[in-house]
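Coordinate inspection notes
Chain by chain, the residues:
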Amino acid sequence: MASHPPTTRREESAENRRAQHALERLRSILLAVDPRLDVTELAPHMSLTQDLGLDSLRLNELLERIHRAFVHVDLASWLMEATRRGQDTLAGLARVLAGGGPPRSDFFVALARSHAATFAERARACDESGRFPHQSFDELIASGYTTMTVPRHRGGGGASLEEMCRAQEILAGGCASTAFAVNMHLHALGILELVEGSSIDWIYDAILDEGALIAGGFSEPGVGGNWWRTTSRAIPVPGGYRVQGTKGFFTGYPRSELLFLSAAIVDERGESEPVGFLLPRPSQGIRVVAEWSASGMRATGSHTLELDELFIESRYQIGGPGELPILFMRAAHWAWCSFAAVFVGIAGAALEHVRRSQRERTLRVVDRPLAHLPGIQFRVAEMQVKLAAARAQLYRAARSEHRSTPDPLQHYLDMSLMKMTVCRLAHEIVTLAVEVEGGSGYTSASPIQRMYRDVTAGLLVPPLADVTLEWAGKQALGLPLFSEPRWGS
Amino acid sequence: MKHEGTPTTDPAERWTELRRHAQAVAAAIEARHLDRGDPGAPLRDSLASLRRAGIPAMNGPVEMGGLAATLAQNVEILRIVARGCGSTAWALANHCALTGALRANAEEPLRSRLLAAVRSGAFLGMGTVDPLALLRGGPDVTVTPTPGGTRGVDIDGVQPLVAAFEACTHIAVVARSRDASTAADPLTLLVVPRPGREHADAAPLRWSAMPRSGAHIVTFRALPASLDDVATAGEPAPRVLEALQRWTYLCLSAVFLGLAERAYELAVDAGRGPRLRTMPGVHFALGRMRAQLASMEALLFDACAARPCSDDTPAEAAAQACLPKVYLTNEAVRVVDLALEVIGASECSERSRVAQISHDVRLGPLLPIDGDSARELIGKATLGINPASTPRWV
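Numbering of residues begins from 1 in every chain and follows the order in which that chain's sequence is written. Here chains are named by letter from A upward and ligands by number from 1 upward, in the order in which they appear as written. With the structure being a predicted model, the display of local features is reserved for residues of pLDDT at least 70 and the display and counting of side-chain atom pairs for 80 or more, all residues being used for whole-chain, interface and lining totals. Working from all heavy atoms in the structure, the side-chain values ignore hydrogens and water.

On to the overall build of chain A. Put simply, DSSP marks the helices as runs of H or I at least four residues long and the strands as runs of E at least two long, and each gets a number from the N terminus on. Secondary structure assignment for chain A yields 16 helices and eight strands. Note that the radius of gyration is over C-alpha atoms, with the globule rule given as 2.2 Å times the number of residues to the power 0.38. Over its C-alpha atoms chain A spans a radius of gyration of 24 Å, differing by no more than 12% from the 23 Å that the globule rule assigns to 489 residues. Across its three principal axes, chain A shows a C-alpha extent of roughly 75 × 65 × 40 Å. Contact criterion: two residues are considered in contact whenever any of their non-hydrogen atoms come within 4.5 Å of each other. Sequence separation of at least 24 residues holds for 74% of the intrachain contacts in chain A that already meet a minimum separation of 6. Every accessible area reported is derived by Shrake-Rupley at a probe size of 1.4 Å, with residue values counting cover from the shown protein chains alone. Surface exposure of chain A reaches about 20,100 Å², of which carbon and sulfur atoms provide 51%. Residues scored as charged are limited to Lys and Arg (positive) and Asp and Glu (negative), so that His and the chain ends carry no count. Think of each charge as sitting on NZ of Lys, CZ of Arg, CG of Asp or CD of Glu. Counting 50 positive and 55 negative side-chain charges, chain A places the averaged centre of each group 4 Å from the other.

A word on the overall build of chain B. Across its full length, chain B carries eleven helices and eight strands. Taking 2.2 N^0.38 as the reference for a compact globule, 394 residues should give roughly 21 Å; the C-alpha atoms of chain B span a radius of gyration of 21 Å, in line with that estimate. The principal-axis extents of the C-alpha atoms in chain B amount to approximately 75 × 65 × 40 Å. The buried share of chain B, reckoned over its 394 residues, is 56%. A sequence separation of at least 24 residues applies to 76% of the contacts in chain B between residues at least 6 apart. With a 1.4 Å probe rolled over the protein chains alone, any residue whose accessible area is under 20% of its type maximum counts as buried; one over 50% counts as exposed, and the rest are partly exposed.

In this section: unusual backbone geometry. Backbone geometry follows two general trends: most residues other than glycine have a negative phi, and most peptide bonds adopt the trans configuration. The peptide bond linking Pro462 of chain A to Pro463 of chain A adopts the cis configuration, its omega dihedral lying at 0°. Secondary-structure assignment places Pro463 of chain A in the loop between helix H15 (447-456) and helix H16 (465-476). Cis peptide bonds are those with omega within 30 degrees of zero, and the linkage from Thr390 of chain B to Pro391 of chain B qualifies with -5°. Note on placement: Pro391 of chain B falls in the segment after helix H11 (371-383).

A separate point is the confidence of the model for chain B. One rule of thumb: low pLDDT means the predicted coordinates there are not for detailed reading. One confidence number per residue, pLDDT, is output by the predictor and ranges from 0 to 100. Taken over all residues, the pLDDT of chain B has a mean of 90, while the share at 70 or more is 95%. If you check the scores for this complex, the pTM reads 0.88 and the ipTM reads 0.94.

All right, on to helix H8 (residues 176-192) of chain A then. Residue pairs three or four apart in sequence face the same way in an α-helix, which turns once every 3.6 residues. All names here are of chain A. With 17 residues, H8 should reach 24 Å at 1.5 Å per residue; the first-to-last C-alpha distance of 24 Å fits that figure. To get the bend at a given residue, fit one axis to the seven residues ending there, fit another to the seven starting there, and take the angle between those axes. Of all the bends in H8, the greatest, near 30°, is centred on Asn183. Counting buried positions along H8 yields 17 of 17 residues, so the element is predominantly enclosed. In this scheme, a helix's expected span is set at 1.5 Å multiplied by one less than its residue total.

This paragraph deals with the interface of chain B and chain A. Contacts between the two partners involve 39 residues from chain B and, on the opposite side, 47 residues from chain A. A buried area of about 3,700 Å², summed over both sides, lies between chain B and chain A, and 68% of it is on carbon and sulfur atoms. Note on definitions: buried area is the accessible-area loss of two parts on being combined, 1.4 Å probe, summed for both. Its largest share of buried area at the contact with chain A, chain B owes to Arg290, Thr382 and Leu383 of chain B, together 18% of the area lost on that side. Within this document, salt bridges are pairs made up of a side-chain nitrogen of Lys or Arg and a carboxyl oxygen of Asp or Glu, the two lying within 4 Å of each other. Joining chain B to chain A, the criterion identifies four salt bridges. For Glu382 of chain A, the salt bridge identified is with Arg375 of chain B, shortest N-O distance 3.7 Å.

The next thing to look at is the nonpolar core. Tyr145, Trp336 and Leu394 of chain A together with Ile155 of chain B are the most contacted members of the largest nonpolar core, which has 245 residues in total. Element by element, the count of residues in this core is highest for helix H7 (residues 237-271) of chain B, at 19 residues. Beyond its immediate chain neighbours, meaning those up to four positions away, Ile155 of chain B contacts Val141, Thr142, Val143, Val173, Leu190, Val192, Phe220, Arg221, Ala222, Leu223 and Ala225 of chain B. Nonpolar cores are built from buried Ala, Val, Leu, Ile, Met, Phe, Trp, Tyr and Cys residues. Side-chain atoms within 4.5 Å join them into one set. Formed by 28 residues, the second largest nonpolar core is a distinct cluster that contains Leu37, Ile66, Trp78 and Leu97 of chain A.

Our next topic: the packing of aromatic side chains. Two aromatic rings, drawn from Phe, Tyr or Trp (for Trp, its six-membered ring), form a pair once their centres lie within 6.5 Å of each other, and the interplanar angle then sorts them: stacked below 30 degrees, edge-to-face above 60, tilted otherwise. By the definition in use, this model includes 23 aromatic pairs over all chains. Aromatic pair Phe328 of chain A and Tyr412 of chain A: ring centres 6.2 Å apart, planes at 65°, arrangement edge-to-face. Note that Phe328 of chain A is positioned in helix H10 (residues 324-330) and Tyr412 of chain A in helix H13 (residues 408-437), a separation of 84 residues in sequence. Of the two residues examined, Phe328 of chain A and Tyr412 of chain A, each falls in the buried class. A centroid spacing of 6.3 Å and a plane angle of 75° characterise the contact between Trp487 of chain A and Phe284 of chain B, whose relative ring orientation is edge-to-face. Taken together, the residues span two chains, with Trp487 of chain A in the segment after H16 and Phe284 of chain B in helix H8 (residues 280-305). We classify Trp487 of chain A as partly exposed; its relative accessible area is 30%. Classification of Phe284 of chain B by relative accessible area gives partly exposed; the value is 23%. Taken together, the aromatic side chains of Phe180, Phe218, Trp227, Trp228, Phe260, Phe328, Trp336, Phe339, Phe343, Tyr412, Trp471 and Phe482 of chain A make up a single cluster linked through ring pairs. Above the face of the Phe165 of chain B ring, Arg194 of chain B is positioned so that its terminal group lies 5.9 Å from the ring centre. We call a charge positioned over a ring when the NZ of a Lys or the CZ of an Arg lies within 6 Å of the ring centre and within 35 degrees of the ring normal.

A few words now on the side chain of Thr88 of chain B. In this structure, Thr88 of chain B sits in helix H4 (residues 86-105). Residue contacts for Thr88 of chain B: discarding those within four places in its chain leaves Ile29, Leu43, Ser46, Leu47, Leu50 and Val81 of chain B.

Let us look at the pattern of salt bridges. In the structure shown here, the tally under the stated rule is 46 salt bridges over all chains. Across the salt bridge formed by Asp127 of chain A and Arg298 of chain A, the nearest N and O atoms sit 4.0 Å from each other. With a gap of 171 residues between them, Asp127 of chain A in helix H5 (residues 107-129) and Arg298 of chain A in the loop between strand S6 (286-290) and strand S7 (303-313) connect regions that are remote in the sequence. The class of Arg298 of chain A is partly exposed, set by a relative accessible area of 23%. Among the ionic pairs, Glu306 of chain A bridges to Arg287 of chain A, the shortest N-O distance being 3.1 Å. Residue Glu306 of chain A is found in strand S7, and its partner Arg287 of chain A is found in strand S6; the two are separated by 19 residues along the sequence. A relative accessible area of 23% means that Glu306 of chain A is categorised as partly exposed. Linked through salt bridges whose partners overlap, the residues forming this network are Arg396 of chain A together with Arg19, Glu30, Glu76, Arg79, Arg83, Glu261, Arg262, Glu265, Glu297 and Arg353 of chain B.

On to the environment of Arg396 of chain A, then. Here Arg396 of chain A lies in helix H12 (residues 374-399). Note: C-alpha distance between Arg396 of chain A and His187 of chain A (209 residues apart in sequence) is 18 Å. Beyond its immediate stretch of four places on either side in the chain, Arg396 of chain A contacts Glu297, Ala298 and Phe301 of chain B. Two N or O atoms form a polar contact when they lie within 3.5 Å of each other; inside protein one atom must be a possible hydrogen donor and the other a possible acceptor, and for residues adjacent in sequence the pair counts only when both atoms belong to side chains. Engagement of the side chain of Arg396 of chain A in a polar contact is seen with the side chain of Glu297 of chain B, the distance being 3.0 Å.

See the structure below:
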């Protein structure tokens, strides 16, 4: 399957950035294949066979290493053809790896895999310090990972929801905080896909050209996760709005250049109409009133912000007054599938961890590795079963046709039920991992205790289980979801 | 344009028709059993209804009047039938698994003979097969060459839980060959005409779960079989049995999904009553049931679509095959228990539909492969431990 060549300068810029990153990775791999090579000799125009002298054995090793660390492209075919034409250059190979060649449907999945390995080494330090993982975000931006969900026709990666979820699942297995924080940015772009018109092109430009990141804030203290009942007020003033309110759980704020937040415009009848704004991070009118401090997802920078006389230009408004809930509901698959993927990633990493640890770990009172104990086997089996169920439900939702959904509320409910179930299963899996690991898993040195604290957040991403179940049950009975009193009449 | 009365040949239309027939049959069976109030009503009536609808023949080739139904289509039909009667669906599940798995994998001449027999109304049954037992030297059924040098074998041993035994025309038997001429003990799968009392003792199982399933424990005594009854033996047998296991577990899982879905429908009906409709516990229970059913359905159909990996060891393949069954049968019990909470004690009389579903669904986790065996198999496969190795644990 051939890819399309870039058709706009923006697309070309994004592709060049990915190719540059791929070239740097390729150089590292080449040095691993042949330590006699000098990195200064690895110029982009150098031929693998003619200039660098790689023989068939080293070429095979090169292909294997690339396949393990990079994309699933048909490198053998490319190499054969490129060698025949005398075009087997580093630059050419880097372009293939960056998506300039045949199948790249797993490009971001492979990118996530390479990032996850690095981020895993920093995850403990980030968790213990609670500091935002700026270095990891530098690398995500440099590799083009953060362009994943910018539409391809706008110059971005154009990844499908399924590919995004698979990539995020893998990234979360390395560092859940990083994956969760970048998910705010990635899924927001999915939501914006439903916004028509050119008023958001500047957002894509900022992301592609400047590496800008979106941080999101619909949550507010005191509303219990009912984000559509925002208490932040947007008062119309000349040229825009003056916004007043408090935002909680503003994930990604420390690294953001773009803020996606909600407020309510009160109309002449006194009715609140929620509206979204996506604006460049201002220097005034917004401040951190409480830094993120929690038991899990500790490095996500989910600060509490006060919006105090924040002026927002009209051009940064997303949709019309009252349209935000419908917009979010129609795009709920981007939010809930991707967040669920983060928690599945944590669960998968927990299973992989115990699978390795129990095969090696021994006790003085047992003559074989602990993997041979039936209790360990039974729990590992339960983890495997639950993980299969979680993944099946998640990816069924991710692969479904979402564009033509006629009922946004039904869609939101379906996605919320999926998220609730998948996150609950993820939590059960990691809980089993804690039991398997035993006391050693409870110590700070073990990643299992961090995974347990991180995966618990999945139970708390709104809408909470009780709200979701209430709606699902009422809908099954043909009852209105938002009538008052809610029960017992 | 199709003339009235002319059966359609369009596959999509035929599939739609088959689903409609399955829904009608399920509703009719459910109504008949509720009217009779007799859990022991014969299975033959239900199977006859299914035959008239063309369901047992759906796995046959199109040129033989079948639909060449996919695994996913089999699963869909089974969940529909189960909503009407768990017993009937369980019996049908074994038949579907056999006809679906063997139509491409069985050796000739059995394959052709079998497909022709099914087209003429044959109904296949088999006992439950535990893959862990197979990996550890089972099953408890053996085949030995018939004395006297004739071209045949004798089947001996016990085959548990053969559903619809007396309604079946043919029985599939997984046996271990004890040929004195070879050192190996390869597995063999045969499909034989249902034996009579001369060569088989069939003890009926009378229990509250699946009471109309006609399940028997069958003991074979030198049951003669022709070598033409062999579906697979020797080197190809493990892979064929893997395919059969996969079909069996997914078809079985569909039965329990259908039971759980029917329980949910009954709970919704009950929940619409004036006393319950605004109660939060009812809303939460119905919501939880919806969520669980969605996860069950997703895993089942995901497994139907998955391609078995040729690199998998037999143990890994068996673990993959039984994993959905473990999840679905256990979740089905939880869904039905939630339904009972909604429906309440006063509506759960022994003759009620939900009471029967409650009995039926509890059989799921107990049918081989049972919970502990499945956990051992899946756990060992995940941890890279050979389930046939000794000592079994520590």
